[in-house]
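# Structural characterization, general
For reference, the chains in residue letters:
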Amino acid sequence: MTFVRPIFRHPESPKNAIGYTKKHYEGALSTLCAGCGHDSVSGAIIQACFEMAVEPHKVAKLSGIGCSSKTPTYFLSNSHGFNSVHGRMPSVATGANLANRDLMYIGISGDGDSASIGMGQFVHAIRRNLNVTYIIMNNGCYGLTKGQDSATADAGSINKSGSANMYQAIDMAGLALELGASFIARSFSGDKEQMIPLIKAAMSHPGFALIDIVSPCVTFNNNPGSTKSYDYTREHMEATAAVDYVPYMPEITTQYAEGGSVAVALHDGSIIQLSKLDQDWNPLDRHSAMNRLYEAKSRSEILTGLIYIDTNAADLHTLLKTVKKPLNTLEKQDLCPGSAVLEGINNSCR
Amino acid sequence: MHHLTALNDFVVRFANVNGTGSASANLMFAKSIFRMGIPVSPKNIFPSNIQGLPTWYEVRISEKGYLGRREGVDIMLSVNPQSMPKDIANVKPNGYFLYDSTKELHKEFIRDDIHYLGVPMMQMCMDKFSDPRQRQLLKNMVYVGAMAALIDIEIPVLHEIISLQFKGKEKLIAANFQALDMGIQYVKEHYKCPLGLRLERRDKVGDWILLDGNTACGLGAIYAGATVAAWYPITPSTSLVQAFEKYAKKLRVDPETGENKFAVIQAEDELAAIGVVIGAAWNGARSFTATSGPGVSLMSEFLGLAYFAEIPTVLADVQRGGPSTGMPTRTQQSDIISAAYASHGDTRHVLLFPSTPAECFDHMAEAFDLAEQLQTPVIVMTDLDLGMNENMSPPLAWDDSRAYERGKVLTAEELENMAERYGRYLDVDGDGIPWRTIPGTHPTKGSFFTRGTSRDEYAAYTEEGPAYVRNVDRLLKKWDTAKNRTGAGVVSGEKPECFRGNIFRHHHLRCPGSPGTAGSTRYYPGCHACQSVSI
Ligand SMILES: Cc1ncc(C[n+]2csc(CCOP(=O)(O)OP(=O)(O)O)c2C)c(N)n1
Ligand code: SF4
Ligand SMILES: [Mg+2]
């Protein structure tokens, strides 16, 4: 167990815009290994939701199977959760989203869950630009089945049993970029400052928002020689830019772009403020993002931060031209054509 | 040589080339007989191929209402040289072989015990029509005309059908009438009409309809208020979801905004298709998928989840020949065990067995009520024969006062006023069916975690033996509840007392149109296409 929650809470615990304290966003106690990166990601989700003042019951959290996929139990206990089957969260999230476009969807997956057994569904959720915040807690191994190499383990990375991985790694951010995902970021579970604004921005983005988070497995893949360990990640991490998420504030009327910083406006009026930009990288340009990603790879760097964003991509509901009212609220009078129409159909069959 | 003679009781088979537009002409032929009040059962016999291979359309005409396929072809219409040797061999002695005599028949095709009726269909169309594609289509009408004169189909009936089919396209109607007449005149001039095999108007079909089961299922989903459909193409289920989409585009588009009150997803595979259905159902929308055997295999994983996590899930299984890819375009009822027990562990699923298109419609609509009432998968078991052929059926019926039975779902008010702690898997009513909540209902009450792992009454993960046993015992209790909800099966046939049997549709239509049968809303005991299940 990673943390013991203090029983006593200060009566003056800070409240957010809708009057909730952070407690409203917490979940059950984690049963993951102490120090597991996944718990830090859960913490960042709690913090992001608290700061964004989302209504917890307007969030649905979905996952596949794995240590990572267990984490929805550990945040937002007032949200409905769905721990589905291994690798199949994207399809369940697609159906859930089709049924009610008004909720916010957080999909949690692991590298085994998304890069192997669930690769097909991951790819197709991107293709459809499903409106979901899709977080991969990427530890380069299968934690829950005791440490086998996953498809995101780098070639040559050494696992706890001492053997080097022989196969090429799948870069989920690079793949998503290639597939046309409309929001792509990478982060590190040890970097809360970066994770929180990225999660907020992803939740504001009306489309598929991937955050591939390096989230070390302390039990099976945190040893020397592993390229998904805390130490290795800290040493090789390089950010595209410092990210700040600015919620909608009417008084901000002009975008500013002074000396290496840019403000990206999202549809809900919020702004992603990126400062200390990489040279030659433009978050709105897929080519430059691609180049930047390859360049980092060739230098064995782990590129983090916002990698690419397309603020104009149409999400699945827009593509399908569904009604604004959630489909799950439509009633018989909206849906059933009635017996007179059926009589006409019968007549055409005689 | 003798001539076959029969009144309203014979089999006509059309040998066509896939992709030449013969299907609509053939359907007009069958419909015209149906409109003359005589029972018919047309069957499509087609290969797993798109263009160029032979397809057959076999119409059994039976005044007495025997509509299963019968051995022996009385009249063979052949416009496909490729299958000609086989087609000639299939004609009953003293039967007829009607063919396109534009090219002379090869000597080796001549049998001395059947009658040859040549009509130079292609030549006639070449002479009369200039557009090559039109020639091909109109040639089909020429053979319908020839057939009509030979067996005494009422020409005004055919005219009526053609006029309806091409409503608003006057030129096409005229061309079709002309082609029809060319066929009629040619056979009248060259052969004795009608043959000994002929038709005479009857009043044996009442208000029944000719419809394929897949369309009926698709309409059932429309009427039941399904809003999400996800599927992966597979014969013979494809036309089911396509029918749903076709009617949704007609009947479910907001007239003001042009926006859709439905969503159809062509998924990446059957795993995803049923995943979408489960996600939507979990979130409170009626949703369904349709597939066939290979898809059921893939969907098994998710069916187990839906069973154990208790999520209403509607699936239509339009069965085809197995095992494996099997006979993709032939019918079989070989998924019954795999559907009944789909997925590992102690799963069992509610299956509905429609036997007519009217029942396809009813059962599909009923499946949504049952799935939500029972919170479990409900599988509508049809097959290629029922799904892809125009079957005679009582008309589809919908009672406008019928409400959607959404099962045990707690509202925000009910949650607000609830004094005790909400337990997703608590059996508060003693029928094994717990109460569910839809995401987003209440800010602080009613949320729970859905999972395929063992859990306690409050949906919390547990590996405690007693909690597991309580859960599976409750599921068994729910199963008993389900037995009483689904209504009894209909057992009929010649020998319902037989002790050994198959599940089959007994194509025996005893009372088409007789009072009190046609149009009744649910079950049609003793009627066409019954199932006898007795082991
Ligand atoms: C169909 C199926 N196959 C195998 C498993 C066993 N299994 C459980 S979790 C897991 C791998 C999880 O890896 P990942 O998604 O990376 O999650 P992590 O535990 O590393 O966070 C496997 C193979 C399963 N649950 N279901
Ligand atoms: S095994 Fe690894 S991934 Fe799983 S909880 Fe432990 S540290 Fe985390
Ligand atoms: Mg992993």
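Read on for an overview of the structure. (Residues numbered from 1 in each chain as written. Chains lettered and ligands numbered in written order. Predicted model: local features only at pLDDT ≥ 70, side-chain atom pairs only at ≥ 80, totals over all residues. Heavy atoms only, no water.)

Let's shift gears to the overall build of chain B. Tallying secondary structure elements over chain B gives 15 helices and 19 strands in all. Against the compact-globule benchmark of 24 Å for 535 residues, chain B has a radius of gyration of 27 Å, which places it among compact chains. Seen along its three principal axes, the alpha-carbon backbone of chain B occupies a region of about 90 × 60 × 45 Å. By sequence separation, contacts in chain B at least 24 residues apart represent 74% of the contacts at least 6 residues apart. Where the 55 positive side-chain charges of chain B centre and where its 61 negative ones centre are 4 Å apart. (Helix = DSSP H or I, 4+ residues; strand = E, 2+ residues; numbered from the N terminus. Rg over C-alpha atoms; globule rule 2.2 N^0.38 Å. Contact = heavy atoms within 4.5 Å. Lys, Arg positive; Asp, Glu negative; His and termini not counted. Charge placed at Lys NZ, Arg CZ, Asp CG, Glu CD.)

Broken down by element type, chain A carries twelve helices and 13 strands. A compact globule built from 350 residues should have a C-alpha radius of gyration of about 20 Å, and chain A, at 21 Å, falls within 12% of that. Each principal axis of the C-alpha distribution contributes one length, and for chain A these read about 75 × 50 × 50 Å. Each of the 350 residues in chain A was classed as buried or not, and the buried ones make up 58%. For chain A, restricting intrachain contacts to residue pairs at least 6 apart in sequence, the fraction spanning at least 24 positions comes to 71%. In the form shown here, chain A has an accessible surface area of approximately 14000 Å², with 54% of it arising from carbon and sulfur atoms. Here chain A carries 29 positive and 32 negative side-chain charges, and the mean point of each set is 8 Å from the other. (Buried < 20%, exposed > 50% of the residue type's maximum accessible area, 1.4 Å probe, protein only. Areas by Shrake-Rupley, 256 points an atom, 1.4 Å probe, with all protein chains shown as cover.)

A few words now on the coordination of the magnesium ion (ligand 3). Residue and element names in this part refer to chain A. Taken together, D111 (OD), N139 (OD1) and C141 (O) make up the full set of protein donors to the magnesium ion (ligand 3), lying 2.0 to 2.2 Å away. In the primary sequence, the donor residues of the magnesium ion (ligand 3) line up as D-x27-N-x1-C. Of the residues examined, C141 reaches a relative accessible area of 2% and is grouped as buried. (Donors = N, O, S within 2.8 Å, 3.2 Å for Na, K, Ca; no water.)

With that settled, the discussion passes to the sheet that holds strand β11 (residues 262-265) of chain A. All names here are of chain A. One open sheet holds the three strands; their spatial order is β10-β12-β11, and the pairing between them is antiparallel. For this open sheet the edge positions go to β10 (242-246) and β11, each flanked by a neighbour on one side alone. Between one strand axis and the next, the sheet turns by 20° as a mean value, whatever way the strands run. By the bridge criterion, five bridges tie β10 to strand β12 (residues 271-275) in an arrangement that is antiparallel. By the bridge assignment for β12, Y245 is matched with I272. Against the sheet, helix α7 (residues 192-204) touches β10 and β12, its axis set at about 50° to β10. (Pairing = 2+ DSSP bridges. Axes fitted to C-alpha atoms, helices over the stretch in contact; angles between N-to-C directions.)

Another aspect to go through is the site of ligand 1. Residues and elements named next belong to chain A. Residues in contact with ligand 1 amount to 17 residues; listed here are only the nearest, S68, D111, G112, D113 and G143. Contacts to ligand 1 include D111, whose side-chain N or O atom sits 2.7 Å from an oxygen atom. N139 has a polar side-chain atom sitting 3.0 Å from an oxygen atom of ligand 1. Within the complex, the protein chains bury 75% of what would otherwise be the 590 Å² of accessible surface of ligand 1. When contributions to the shell around ligand 1 are tallied by element, the ones reaching two or more residues are α2 (67-70), α4 (111-117) and β5 (141-142). (Near = heavy atom within 4 Å. Polar contact = N/O pair within 3.5 Å; in protein donor to acceptor, adjacent residues only side chain to side chain.)

Listed by partner, the interface residues are 68 residues for chain B and 55 residues for chain A. Of the roughly 5100 Å² buried between chain B and chain A on both sides combined, carbon and sulfur atoms contribute 61%. Where chain B packs against chain A, one counts three salt bridges. For K324(A), the salt bridge identified is with E259(B), shortest N-O distance 2.5 Å. Where chain B touches chain A, the interface holds 30 residue pairs in polar contact (both at pLDDT 80 or more). Those elements that provide at least two residues to the side of chain B that touches chain A are α1 (22-35), β9 (209-212), α7 (213-223), α8 (238-251), β11 (263-266), α9 (270-282), α10 (293-309) and β17 (449-451) of chain B. A total of eight residues in the side of chain B that touches chain A trace back to one element, the largest contributor, which is α9(B). Bridge count for strand β2 (residues 80-83) of chain A against β17(B) is three bridges, and the pairing is parallel. Residue pairing across strands places F82(A) opposite T450(B), the latter belonging to β17(B). (Buried area = accessible area lost by both parts, 1.4 Å probe. Salt bridge = Lys/Arg side-chain N within 4 Å of Asp/Glu carboxyl O.)

It is worth spelling out the packing of helix α4 (residues 132-151) of chain B against helix α6 (residues 170-190) of chain B at this point. Residue and element names in this part refer to chain B. As a packed pair, α4 and α6 sit with axes 7 Å apart at the nearest point and diverge in direction by 45°. Between α4 and α6, the crossing angle belongs to the class labelled oblique. The way α4 lies across α6 gives a crossing that is right-handed. For the pair α4 and α6, the contacting residues are Q134, L138, M141, V142, V144, G145, A146, A149 and L150 in the first and L172, A175, N176, A179, L180, M182, G183, I184, V187 and K188 in the second. Along the lines of polarity and charge, the residues of the contact of α4 with α6 split into 14 nonpolar, four polar and one charged. (Parallel < 35°, antiparallel > 145°, perpendicular 65-115°, else oblique. Left-handed = near helix turned anticlockwise from the far one by under 90°. Nonpolar A, V, L, I, M, F, W, Y, C, P; charged D, E, K, R; others polar.)

Let's shift gears to the side chain of R252(B). Assignment of secondary structure puts R252(B) in the loop between α8 and β11. Put simply, R252(B) is tucked away with no salt bridge, and the nearest opposite charge, on D334(A), sits 9.1 Å away. Engagement of the side chain of R252(B) in a polar contact is seen with the backbone oxygen of A226(B), the distance being 2.9 Å.

A few words on the site of ligand 2. Neighbouring residues of ligand 2: L32(A), C33(A), C36(A), H38(A), C67(A), N139(A), G143(A), C217(A), V218(A), T219(A) and F220(A). Taken together, the residues of the shell around ligand 2 break down into seven nonpolar, four polar and no charged.

Ranked by size, the top nonpolar core spans 168 residues in total, and within it L62(A), F122(A), I272(A) and F288(B) carry the most contacts. Sequence-distant contacts of L62(A), that is, excluding residues within four places in its chain, are made with F82(A), M89(A), V92(A), A93(A), A96(A), Y105(A), I106(A), G107(A), I108(A) and W282(B). (Core = buried A, V, L, I, M, F, W, Y, C linked by side-chain atoms within 4.5 Å.)

As a further point, take the pairing of strand β4 (residues 132-138) of chain A. Residue and element names in this part refer to chain A. The element β4 is largely enclosed, with a buried count of seven among its seven residues. The side-chain alternation of β4 yields two buried faces, one formed by V132, Y134, I136 and N138 and the other by T133, I135 and M137. Across five bridges, the pairing between strand β3 (residues 104-110) and β4 is parallel. Counted as the bridge partner of I106 is T133 from β4. Of the pairings in the sheet, the one linking β4 to strand β8 (residues 208-214) comprises seven bridges and is parallel in character. Bridging across to β8, T133 finds its partner in A209.

Another point: the sheet that holds strand β10 (residues 228-231) of chain B. Residue and element names in this part refer to chain B. In spatial order, the strands read β11-β10-β12-β13-β15-β14; together these six strands make up an open sheet with parallel pairing. The two strands at the open ends of the sheet, each matched to only one other strand, are β11 and β14 (350-352). Strand-to-strand twist of the sheet, defined as the mean angle between neighbouring strand axes without regard to direction, takes the value 20°. Sheet analysis places strand β12 (residues 287-291) next to strand β13 (residues 313-319), joined by four bridges and oriented parallel.

Residues and elements named next belong to chain B. Spanning 17 residues, α10 covers 24 Å between terminal C-alpha atoms, matching the ideal 24 Å at 1.5 Å per step. If you look at α10, its biggest bend is around 50°, right at M299. The buried count for α10 comes to 13 of 17 residues, which makes it a mostly enclosed element. Of the residues trailing α10, E310 is marked for its positive phi of about 65°. (Expected span 1.5 Å × (residues − 1). Bend = angle between axes of the 7 residues up to and from the residue.)

All names here are of chain B. Counted by the stated rule, this structure contains 19 aromatic pairs over all chains. Their ring planes at 80° and their centres at 5.0 Å tell us that F244 and F288 sit as a pair that is edge-to-face. Taken together, the residues F244 in helix α8 and F288 in strand β12 connect sequence positions 44 residues apart. Each of the two residues, F244 as well as F288, counts as buried. Each residue in the set F14, F29, Y57 and Y143 is aromatic and connected to the rest through ring pairs, giving one cluster. Just above the ring of W479 sits the side chain of R348; from NZ or CZ to the centre is 5.8 Å. The residue whose ring lies beneath R455 is F308, and the NZ or CZ to ring-centre distance is 4.2 Å. (Phe/Tyr/Trp six-rings, centres within 6.5 Å; stacked < 30°, edge-to-face > 60°. Lys NZ or Arg CZ within 6 Å of the ring centre and 35° of its normal.)

On to the pattern of salt bridges, then. Residue and element names in this part refer to chain B. Under the criterion given, the structure shown has 40 salt bridges over all chains. Between K478 and E310 there is a salt bridge whose closest N-O contact spans 2.9 Å. Of this pair, K478 sits in helix α15 (residues 465-485) while E310 sits in the loop between α10 and β13, and the two are 168 residues apart along the sequence. As far as the burial class goes, K478 and E310 line up, both buried.

That is the geometry; function is a separate question.
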